[in-house]
Amino acid sequence: MEDTAQAIAKLTRARWEANAQYWVKIIRERRDRYRTELTDAAVLDAVGDCSGQRVLDAGCGEGYLARRLAAMGAEVTGVDAAQGLIDAASSHPAREGRATFTRASVEDLPLEDDRFDLVLCNHLFSHLQDPSRAIGEFSRVLRSGGRLILLTLHPCFYVENAEQGAASSVPAAQYFTPRGIDQRFMVDGLESPSMITSWLRPLEYYAGTLRDAGFVIADLREPHPTEEQLRDDPWWRKGFPTAMFMLLIAERR
Ligand SMILES: C[S@@+](CC[C@H](N)C(=O)[O-])C[C@H]1O[C@@H](n2cnc3c(N)ncnc32)[C@H](O)[C@@H]1O
């Protein structure tokens, strides 16, 4: 089993190395409307005032949220498995001195115990085939009372091609086992060079794994467009056919 997990982690990293420049373009040209008009605001609202806090941006990608939190006064460490994305984050001209970036897997963090006030996982969990090791690492590096905020695809409702309007329920036989959806990103008409697998697990997995790692779930939110966005903008009507995102806030006991 361990060999399979390692092989999947290696493949995930290789796919993200292949997608690195694509991802930099998507983020820096602000092409992903799910982020720019919905999930970023939901995440920042959950984070609140982070001035003076030590924050881990886990799976930081090209670093835009790390830069944002550093500009708000946080001391941010960004880690990501893909060297191409860490290089992009480290060399960004607007990088604040308070944001540093390291290539590492969230499953084996080269960081000391009890170091952070907040661990932020923005669109990371669906890229982890089995997030239990990462959750254990987040528990280890957070101080008691620190928070884990994770924004991910909604495990109950997200289906293949939801971004293109596909909506359906998830049959129980699929819902209660880890399910992987293989697809390329298609953002604003741009297709990613590499396939990505999005992994989804049932809600009880999140609750149980967080509990066993010493967390208490403090809040569960489901970021969604406003009535006005759905009424006035056909892009949202097509692109949000079902609840697509889940945001969990958990506190380290
Ligand atoms: C959808 S991107 C999100 C990046 C960034 N948080 C953002 O919102 O733009 C998922 C990221 O997770 C990273 N990733 C996947 N598996 C990882 C792992 N085991 N450890 C660290 N990063 C990982 C990928 O390299 C990629 O940058």
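Residues numbered from 1 in each chain as written. Predicted model: local features only at pLDDT ≥ 70, side-chain atom pairs only at ≥ 80, totals over all residues. Heavy atoms only, no water.

Draft legend 1. Up close: the nonpolar core. Val47, Leu69, Val76, Ile149, Phe245 and Leu247 are the most contacted members of the largest nonpolar core, which has 53 residues in total. Beyond its immediate chain neighbours, meaning those up to four positions away, Val47 contacts Leu69, Leu118, Leu120, Arg147 and Ile149. Within the second largest apolar cluster, 28 residues are counted, among which are Leu56, Leu109, Cys121 and Tyr206. (Core = buried A, V, L, I, M, F, W, Y, C linked by side-chain atoms within 4.5 Å. Buried < 20%, exposed > 50% of the residue type's maximum accessible area, 1.4 Å probe, protein only. Contact = heavy atoms within 4.5 Å.)

Draft legend 2. Layout of the pairing of strand E4 (residues 116–122). Across the seven residues that make up E4, a large majority, seven, are buried. As paired elements, strand E1 (residues 54–58) and E4 share three bridges and run parallel to each other. Along E4, the bridge assignment pairs Val55 with Leu118. Pairing analysis gives six bridges linking E4 to strand E5 (residues 142–153), with the strands arranged parallel. When the sheet's bridge partners are listed, Cys121 is paired in E5 with Leu150. In this fold, E4 hands off to helix H5 (residues 132–141), which returns the chain to E5; that crossover is right-handed. (Helix = DSSP H or I, 4+ residues; strand = E, 2+ residues; numbered from the N terminus. Pairing = 2+ DSSP bridges. Right-handed = clockwise from strand over helix to strand, strands pointing away.)

Draft legend 3. View of the sheet that holds E1. If you walk across this open sheet you meet the seven strands as E3-E2-E1-E4-E5-E9-E8, and the pairing is mixed. Of all strands in the sheet, those with a lone pairing partner are strand E3 (99–103) and strand E8 (215–221), marking the two edges. Averaged over neighbouring strand pairs, the angle between their axes works out to 20 degrees when direction is ignored. Along the sheet, helix H4 (residues 83–90) contacts strand E2 (75–80) and E3; its crossing angle with E3, the most-contacted strand, is approximately 160 degrees. (Axes fitted to C-alpha atoms, helices over the stretch in contact; angles between N-to-C directions.)

Draft legend 4. Spatial organisation of the layout of surface pockets. In this model, the second largest pocket occupies a volume close to 320 Å³. Surrounding the second largest pocket, 17 residues form its lining, Arg30, Thr36, Asp40, Tyr64 and Arg68 being those nearest its centre. Per element, the largest residue contribution to the lining of the second largest pocket is six residues, and it comes from helix H2 (residues 33–47). (1 Å grid on protein atoms, 1.4 Å probe; cavity = no way out; pocket = protein on both sides within 12 Å on 5 of 7 lines; lining within 4 Å. Points joined across faces, edges and corners; volume = space filled by probe spheres on them.)

Draft legend 5. Inspection of empty space enclosed by the protein at higher detail. If you walk through the whole model with that rule in mind, you get one cavity of 30 Å³ or more. Empty space within the largest cavity amounts to approximately 30 Å³. Every residue along the wall of the largest cavity is listed here: Phe125, Leu128, Gln129, Pro131, Trp199, Leu200, Arg201 and Tyr206. Residue classes in the lining of the largest cavity are distributed as six nonpolar, one polar and one charged. (Nonpolar A, V, L, I, M, F, W, Y, C, P; charged D, E, K, R; others polar.)

Draft legend 6. Structural context of H2. Spanning 15 residues, H2 covers 20 Å between terminal C-alpha atoms, matching the ideal 21 Å at 1.5 Å per step. By the largest-angle criterion, Thr39 marks the main kink of H2, which is about 45 degrees. For H2, the set of buried residues is Tyr34, Arg35, Leu38, Thr39, Asp40, Ala42, Val43, Leu44, Ala46 and Val47. Capping the start of H2 is the job of one residue whose side-chain oxygen sits 3.1 Å from the backbone nitrogen of Tyr34: Asp32. Looking one or two residues beyond H2, the residue adopting positive phi is Gly48, at roughly 70 degrees. (Expected span 1.5 Å × (residues − 1). Bend = angle between axes of the 7 residues up to and from the residue. Polar contact = N/O pair within 3.5 Å; in protein donor to acceptor, adjacent residues only side chain to side chain.)

Draft legend 7. Fine view of the pattern of salt bridges. All chains considered together, the criterion is met by 17 salt bridges. As a salt-bridge pair, Glu75 and Arg115 come within 3.0 Å of each other at their nearest N and O atoms. Placement of the pair is Glu75 in strand E2 and Arg115 in the loop between E3 and E4, with a sequence separation of 40 residues. Looking at Glu75, the relative accessible area reads 33%, which means it is partly exposed. What emerges from the salt-bridge pattern is a single network uniting Lys25, Glu29, Arg31 and Asp188. (Salt bridge = Lys/Arg side-chain N within 4 Å of Asp/Glu carboxyl O.)

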